[in-house]
Amino acid sequence: MDKQKKRIGIMGGTFDPIHIGHLILGETAYEQFQLDEVLFMPSGNPPHKRNRAHRATDDQRCEMVKRAIASNPHFSLSLEEMNEDGFTYTYRTLERLNKKHPNTEYYFILGADSLFDFDEWKEPARICQAGIIVVATRNHTKEEALDETISYLTKKYNGSFKKLKTLNIDISSALLRSWVAGKRNIRYYIPDSVIEYIKQNHIYEECDEHAI
């Protein structure tokens, strides 16, 4: 590994809304892999999440991320995927970033659930060539199954997969949206500044509170 290269983490996702689980993963990756910075990168138009009725707008999602990370000097908001035409794909984003910043090594952070579906992603081999994959485990993930999947993908795509050692907060944005719709308390699950913004803009109030 080239010690002269900057190490930048990427936390991608719809962040609809961003919550403490995202922030904990970003901070843990920063510490474990001695990153210089972690980019929080809202997906503009992810192909696997096409039904976005009664969700936050792109501008609202970006504003929530901006508020959530404001107090952390090594967290930054990246709009790299917000202005792309068509669907956003990870391999395109990483290749574009590498072209812009050739002296940077990118650590792409994803959950174990996504790792098990990695074969189905667009151009997985190109993703592996363009960055290091950091895998965050979830509470229900079996260690043996995770290790086997990492070994299989490493050999198949000649990639670099690293496990993120973290106490994962096993919550989801979908659950929190349903709580807002059902008028349940979301305090401590989401930063106060983001909760205030959600209330002020009446976001998620029309979501189906039973659709988790």
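I will try to describe carefully the structure that is included in this document. (Residues numbered from 1 in each chain as written. Predicted model: local features only at pLDDT ≥ 70, side-chain atom pairs only at ≥ 80, totals over all residues. Heavy atoms only, no water.)

Digging into the layout of surface pockets
Rolled over the atoms, a probe sized like a water molecule indicates the empty space that remains.
Alright, step 1. As a volume, the second largest pocket reaches approximately 230 Å³.
Alright, step 2. Around the second largest pocket, the lining is made up of 14 residues, and of these Val180, Lys183, Arg184, Ile186 and Lys199 lie nearest the centre.
Alright, step 3. Every element with two or more residues in the lining of the second largest pocket is listed here: α7 (173–181) and α8 (192–200). (1 Å grid on protein atoms, 1.4 Å probe; cavity = no way out; pocket = protein on both sides within 12 Å on 5 of 7 lines; lining within 4 Å. Points joined across faces, edges and corners; volume = space filled by probe spheres on them. Helix = DSSP H or I, 4+ residues; strand = E, 2+ residues; numbered from the N terminus.)

Here's the deal with the pairing of strand β1 (residues 6–13)
Within a regular beta strand, the side chains point alternately toward one face of the sheet and then the other, so they alternate between its two faces.
Alright, step 1. Counting buried positions along β1 gives six out of eight residues, so the element sits mostly inside the fold.
Alright, step 2. Bridge count between β1 and strand β4 (residues 104–111): six bridges; the pairing is parallel. When the bridges of β4 are listed, Gly9 appears paired with Tyr107.
Alright, step 3. Pairing analysis gives six bridges linking β1 to strand β2 (residues 37–42), with the strands arranged parallel. Note on β2: the bridge partner recorded for Gly13 is Pro42. (Buried < 20%, exposed > 50% of the residue type's maximum accessible area, 1.4 Å probe, protein only. Pairing = 2+ DSSP bridges.)

Considerations on the nonpolar core
Alright, step 1. Counting 37 residues, the largest nonpolar core has Ile18, Phe40, Met64, Ile198 and Tyr204 as its most contacted members.
Alright, step 2. For this core, the secondary-structure elements that each account for two or more residues are α1 (20–32), β2, α2 (58–69), β4, β5 (132–136), α7 and α8.
Alright, step 3. Residue contributions to this core peak at five residues, all from α7.
Alright, step 4. Listed in part, the 24 residues of the second largest apolar core include Ile8, Leu39, Ile133 and Leu153. (Core = buried A, V, L, I, M, F, W, Y, C linked by side-chain atoms within 4.5 Å.)

Topic: the side chain of Asp16
Alright, step 1. For Asp16, the location among the structural elements is in the loop between β1 and α1.
Alright, step 2. Residue Asp16 is classed as buried on the basis of its relative accessible area, which comes to 0%.

So, α8
Alright, step 1. For α8, the full list of buried residues reads Val194, Ile195, Tyr197 and Ile198. Considered in projection along α8, the buried side chains sweep an arc of 160° and stay on one side of the axis. Set apart from the buried face of α8 by more than 90 degrees, the exposed residues are Asp192 and Lys199.
Alright, step 2. Note on α8: the residue one or two positions beyond its end, His202, has a positive phi of about 55°. (Arc of directions from axis to C-beta.)

Thoughts on the packing of aromatic side chains
Alright, step 1. The tally for this structure, following the rule as stated, stands at nine aromatic pairs.
Alright, step 2. With 6.0 Å between their ring centres and 45° between their planes, Phe15 and Phe40 make a pair best called tilted. Here the residue Phe15 occupies a position in the loop between β1 and α1, and Phe40 occupies one in strand β2, the gap between them amounting to 25 residues. Grouping residues by exposure puts Phe15 and Phe40 together as buried.
Alright, step 3. Ring geometry for Phe118 versus Trp121: centroids 5.5 Å apart, planes at 40°, classification tilted.
Alright, step 4. Trp121 sits in the partly exposed class, given a relative accessible area of 24%. (Phe/Tyr/Trp six-rings, centres within 6.5 Å; stacked < 30°, edge-to-face > 60°.)

Any link to function would need more than the numbers given here.
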